[in-house]
Amino acid sequence: MAKNRIILSAEDLLLPLQGELLKGSQARSFSGISTDSRTIGEGELFWALKGETFDGHTFVKEAIRKGAAGAVVNMDWTPDGPLNTRVSLIGVRDTLKALGDLARRWRRRFEARVAAITGSGGKTTTKEMTYAILSLEGLTLKNEGNFNNLIGLPLSLFLLDKTHRYAVLEMGMNRPGEIGRLTEIADPDIGLITNVGRAHLEGVGSIEGVAKAKVELLERMAPRSLAILNGDDRILMQAAAAIRKKPVTFGQGLRNPVRAEKIQNLGREGFSFDLCWEGKSIPVRLKVPGFHNVYNALAAAAIALSMDVSTDRVQEGLSRFEGIKGRFKVVPLPDGSILIDDTYNSNPSSLRLALESIKAIAPQGRRIIVGLGEMLELGEETEASHVEAGELVAETGADWLVTLGDHAPEMIQGALGKGFRLERVIRVKDHEEMGAKILELMKPGDLVFLKASRRIGLDRVADRLKEKV
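So, here's what we can say about the structure. (Residues numbered from 1 in each chain as written. Predicted model: local features only at pLDDT ≥ 70, side-chain atom pairs only at ≥ 80, totals over all residues. Heavy atoms only, no water.)

**Some thoughts on the pattern of salt bridges**
Note the threshold: Here, a salt bridge means any side-chain nitrogen of Lys or Arg that lies within 4 Å of a carboxyl oxygen of Asp or Glu. In this text, helices come from DSSP runs of H or I with a minimum length of four residues, and strands from runs of E with a minimum of two, each type numbered from the N-terminal end. Accessible area is worked out with a 1.4 Å probe on protein chains only. A residue is then buried under 20% of its type maximum, exposed over 50%, and partly exposed in between.
Overall, the coordinates contain 33 salt bridges when judged by the stated rule. The partner of Lys-97 in a salt bridge is Asp-101, with the nearest N and O atoms 2.8 Å apart. Separated by 4 residues within a single helix, Lys-97 and Asp-101 lie in helix α3 (residues 95-107), roughly one turn from each other. Judged by relative accessible area, which is 45%, Lys-97 ranks as partly exposed. Note that Asp-187 is salt-bridged to Arg-108, the shortest N-O span being 3.2 Å. On the criterion of sequence distance, the pair formed by Asp-187 in the loop between α6 (178-186) and β11 (190-193) and Arg-108 in the loop between α3 and β8 (113-118) is long-range, its members being 79 residues apart. For Asp-187, a relative accessible area of 7% gives the class buried.

**Comments concerning the environment of Gly-267**
Its place among the elements puts Gly-267 in the loop between β14 (258-265) and β15 (271-277). Considered as a pair, Gly-267 and Glu-44 are 223 residues apart in the sequence and their alpha carbons are 50 Å apart.

**Description of the packing of helix α4 (residues 123-134) against helix α12 (residues 311-320)**
Packed helices, taken two at a time, are described by the angle between their axes plus the distance between the axes. What counts here: Axis angles are defined between N-to-C directions and span 0 to 180 degrees, where every axis is a line fitted to C-alpha atoms and, for a helix, only to the segment in contact. Here the word oblique covers every angle except those under 35 degrees (roughly parallel), over 145 (roughly antiparallel) and from 65 to 115 (roughly perpendicular). Crossings are classed by handedness, with left-handed meaning an anticlockwise turn of the near helix from the far one by less than a right angle and right-handed meaning a clockwise turn. Note on definitions: a residue-residue contact is assigned when non-hydrogen atoms from the two residues lie within 4.5 Å. Each residue is assigned to one class: nonpolar for Ala, Val, Leu, Ile, Met, Phe, Trp, Tyr, Cys and Pro, charged for Asp, Glu, Lys and Arg, and polar for all the others, Gly among them.
At a closest axis distance of 8 Å, the pairing of α4 and α12 adopts a crossing angle of 130°. Classed by the angle they form, the pair α4 and α12 counts as oblique. The handedness of the crossing between α4 and α12 comes out as right-handed. Counted together, Met-129, Ala-132 and Ile-133 of α4 and Arg-313, Val-314, Gly-317 and Leu-318 of α12 form the full contact between these two elements. The class makeup of the residues in the contact of α4 with α12 is 5 nonpolar, 1 polar and 1 charged.

Rendered as C-alpha cells:
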C-alpha cells in the first residue's frame, strides 16, 4: 500500500482523540501514520493496535528505534524501560477506535465524493469496475487488497487529499457492528450493497443475520446519502425495508431504475447487454465472463450514474475492465487449456454462481477439472455447505474433483451422492500434491477451475499450473 500523506502534530491529535500527551512535545509533527513497525518510515507516527493474536504495544520501542517520531498507545500502557527523549507519546482510551475517529475527521477535510460498497459477493469486482469508470472523470482513491476492515479502511482514507475527486471504498465484515462502524468512519455519499449470501455465518449465525449486518450501512449513512441496492435480492430488500431510506435499485427486473436488458452470454469472452437508465439505453461490452459480473457492472454503473457521470464514461470504463487475479479470472494456457482462477475467496453462494458460469465457458466436449479447498467461517452450516459443494460440482458435469482440507470428505460425499464416479474423486494432503495431481490429470484443451477461501491459499496451486503448463 502507498504511504499516506497525512501530516499532523501531536497537538492536532489530542483534542479530537480525547487523548493525553504522556511524553514529549505537543509541537512534534509526524510525516505519516503506520501500524507496522517493520515498514515504518523516518518521522512517522506509530499507531499501536491490539488484536486477537498481536499487540502493537510490544513493538513501540522497535518503531522508535527505526525512526518513528512518536506513538499512539492505550492510556494504560506502560513502556518497558526508557524511551527516546525526542519522541511524543499520545495516550488514548482505545487505539483502534481512535484510528477510525481520526480517519473520519481526515475524510471530512476534503470534497471528494465517497462511495462505500459492501455485500456477500462481488464487493471487490464492483469496486474495481467503479474505479475504472470514475478514474476517467478525475483522480479516484480506492482501498487496495484486503484493506477493507477497521484498520485497512482508515489507513486508506489517510491517502485522501485535495486532488481527489472521488473515493470508492470496499467494506468487509465477519461480525455484527463492523459495517456500521466502517460507515461512520467513511461517511459515504453513496452506499451500495451488492447482495446477501451465505458468507461469514460463523459470526452472524444465519443468512438473515448476514442481511442485518449488511444493512448497517443504510442505518449509519447520513440523511444526505444515497442508498443503492440489488433490487433482485429478495432477502436484502426485505432487510432494507425496515429502514426509512428510499434506495435506487439495480438488477434485471423492470422495477429497477438501473437494469440490464438483451443480455448475451459470450462464453469466455464475457457478456454484452443494454444498460437502461432514466429512459436511456446504451450497449455495454464486458470482457469478463460469469453472469455475476453483469450484476457487478450494473452496481458500478449505478454508482457512477448517481454521481452524474456520463453514460459514455460508464460504457468506456466497463469495457476497459479486464478482471482481477483470483476472482474468476480466466487464464488461457499455452497448451490450449483454460485456468479459471477463483482462489481469492469462497462461500456457498459464490461457489454456486461460479460453477453455473463454468458451463457457459466450457465448450461441448472440453473436460472440466475442479480443484476445491475449504470454505471458512460458516459456523454450524460448515458440514452441510461442503456436502452441497460436492453436489454442485457433480451437477456441473465436471470430469474430475480434487479436494483439499479437513472438510474434503463432505465434498466427496456430496459429489458421490449426486452420481459422481468414485474413481474420479481425489483427496490431497496439501497444495503441492493438488498441483501435481492436476498437472498429471490435465490434457491440452481442458478447463481447470480452482476455488477456496483465501486462507486456504489455492493461489499457490494456480501459480504452479501457470508456470508448468
